[in-house]
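Okay, here's what each chain looks like letter by letter:
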Amino acid sequence: MLPRVADSLSFLYLDMVRVVQDDTGVCAQIKTDENRTDLVYVPTAALSCLLLGPGVSITTPALATLARHGTSVVCVGAGGIRAYAGILPDSLTTHWLEQQVATWADPTKRLEIAVRMYQMRFKDADIPESVNLDKLRGMEGQRMKAFYKILAQQHGIGRFRRNYRPDQWDTQDPVNLALSAANTCLYGIVHAALLALGLSPALGYVHAGTQHAFVYDIADLYKADTTLPLAFALHNSDNPEQEARRRFREDLRLLRLLPRIIRDVQSLLSPPHTHTAATDDDTDDETSERHDVRMVHLWDPQTGVLPAGVNYANGDR
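Asker: Explain the overall build of the chain residue by residue, including any values.
Answerer: A tally of helices and strands in the chain yields nine helices and ten strands. Evaluated residue by residue, the chain yields a buried proportion of 40% over its 317 residues. In the chain, once contacts between residues fewer than 6 apart in sequence are set aside, the share between residues at least 24 apart is 58%. When the accessible surface of the chain is totalled, it reaches about 17700 Å², and 50% of it is carbon and sulfur.

See below:
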């Protein structure tokens, strides 16, 4: 089942609770200051993805119910800013994973996706038809340098240079420290979204050679709106890493980033002539975002998808 971005219950985040199965359904047990245990029932049938944050314990019967209802379960950090592991139900369609693999394995389509990601980041960009990845990287570099300069001027900072040096972490300036911390938070959000769709975080279109290559690709779409302004705003902070993580979590309530990521990834992986980007006004009439897998299919390089459960011996069909 694919997450419905139009549904406000597509993703549910929990922390500091115990998730159990009782006679009625799956519920979160919440301990109160008065030593009372409150129960909040989880609408498993309406959920696409359950995010389990710090302090959550969950029982096997509860996990089994979530799996039967086709709900993905992802273990995340506070506020969803880390993604540690994901449990995907067997009913989760492979539609988007197949789209990802097909476009990633074809050099022409892979370049097309990279160009479309660049266009999503820089909507006024004039991209020549003969562009290659080398030219695309150069254009991106120039754009980012200009954006750094604008942010530095807005905050009264001298010349800024992005410097990610893990071996010299404590010697970095506050903006670089805050940016690294905020980017890590953003990677966690993107990772959780990709897992919920059943995609491979390792198959990137621009980045490569790491299990998080696609995570870095998608995260780049949002840095100019999220982590970069936040990092420059903390240029005078005494503890930029901690403040960046805290403020990023707070800002997520306003950004509604998870539905936006799902919408953008689906748009990227869909052929341009068959998909239009969804809007916040999605209605139940849209059927392209949700699919239930009823039967495993067979693949054929000539005829395409064939039904399973059929004997294809000559004369016995």
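Asker: How would you sum up the packing of aromatic side chains? Please name residues and give values.
Answerer: In the structure shown here, the tally under the stated rule is six aromatic pairs. For the pair Tyr148 and Phe160, a centre-to-centre distance of 5.3 Å together with 75 degrees between the ring planes defines the contact as edge-to-face. Linking Tyr148 in helix H4 (residues 133-154) with Phe160 in the loop between H4 and helix H5 (174-197), this pair joins segments that are twelve residues apart in sequence. Each member of the pair, Tyr148 together with Phe160, is buried.

Asker: Which residues make up the sheet that holds strand E4 (residues 37-41), and what values go with them?
Answerer: Here we have four strands laid out as an open sheet, ordered E4-E3-E2-E6, and mixed in their pairing. If you trace the sheet from one side to the other, it starts and ends with E4 and strand E6 (57-58), each paired once. Direction of pairing for strand E2 (residues 18-21) relative to strand E3 (residues 26-31): antiparallel, over a ladder of four bridges. Looking at E3, one finds that Arg18 is bridged to Gln29.

Asker: A description of helix H2 (residues 95-105) should follow, citing residues and the corresponding values.
Answerer: Given 3.6 residues per turn, any residue in an α-helix points the same way as the ones three and four places further on. If you check which residues of H2 are buried, you get Trp96, Gln100 and Thr103. Down the axis, H2 shows its buried residues gathered within 80 degrees of arc, on one side only. At its buried positions, H2 is contacted by helix H3 (107-121), H5, helix H6 (213-219) and helix H9 (257-269).

Asker: Tell me about the packing of H5 against H9, and please be specific about residues and values.
Answerer: Contact geometry of H5 with H9 gives a least axis separation of 10 Å together with a crossing angle of 55 degrees. Classified by the interaxial angle, the pair formed by H5 and H9 is oblique. In this structure, H5 crosses over H9, and the sense of that crossing is right-handed. Residue-level contacts link Leu186, Ile189, Val190, Ala193, Leu194 and Leu197 of H5 to Leu257, Leu258, Ile261, Ile262, Val265 and Gln266 of H9. Looking at the contact of H5 with H9, its residues break down into eleven nonpolar, one polar and no charged.

Rules used in this analysis
Residues numbered from 1 in each chain as written. Predicted model: local features only at pLDDT ≥ 70, side-chain atom pairs only at ≥ 80, totals over all residues. Heavy atoms only, no water. Helix = DSSP H or I, 4+ residues; strand = E, 2+ residues; numbered from the N terminus. Buried < 20%, exposed > 50% of the residue type's maximum accessible area, 1.4 Å probe, protein only. Contact = heavy atoms within 4.5 Å. Areas by Shrake-Rupley, 256 points an atom, 1.4 Å probe, with all protein chains shown as cover. Phe/Tyr/Trp six-rings, centres within 6.5 Å; stacked < 30°, edge-to-face > 60°. Pairing = 2+ DSSP bridges. Arc of directions from axis to C-beta. Axes fitted to C-alpha atoms, helices over the stretch in contact; angles between N-to-C directions. Parallel < 35°, antiparallel > 145°, perpendicular 65-115°, else oblique. Left-handed = near helix turned anticlockwise from the far one by under 90°. Nonpolar A, V, L, I, M, F, W, Y, C, P; charged D, E, K, R; others polar.

None of this, on its own, says anything about what the molecule does.
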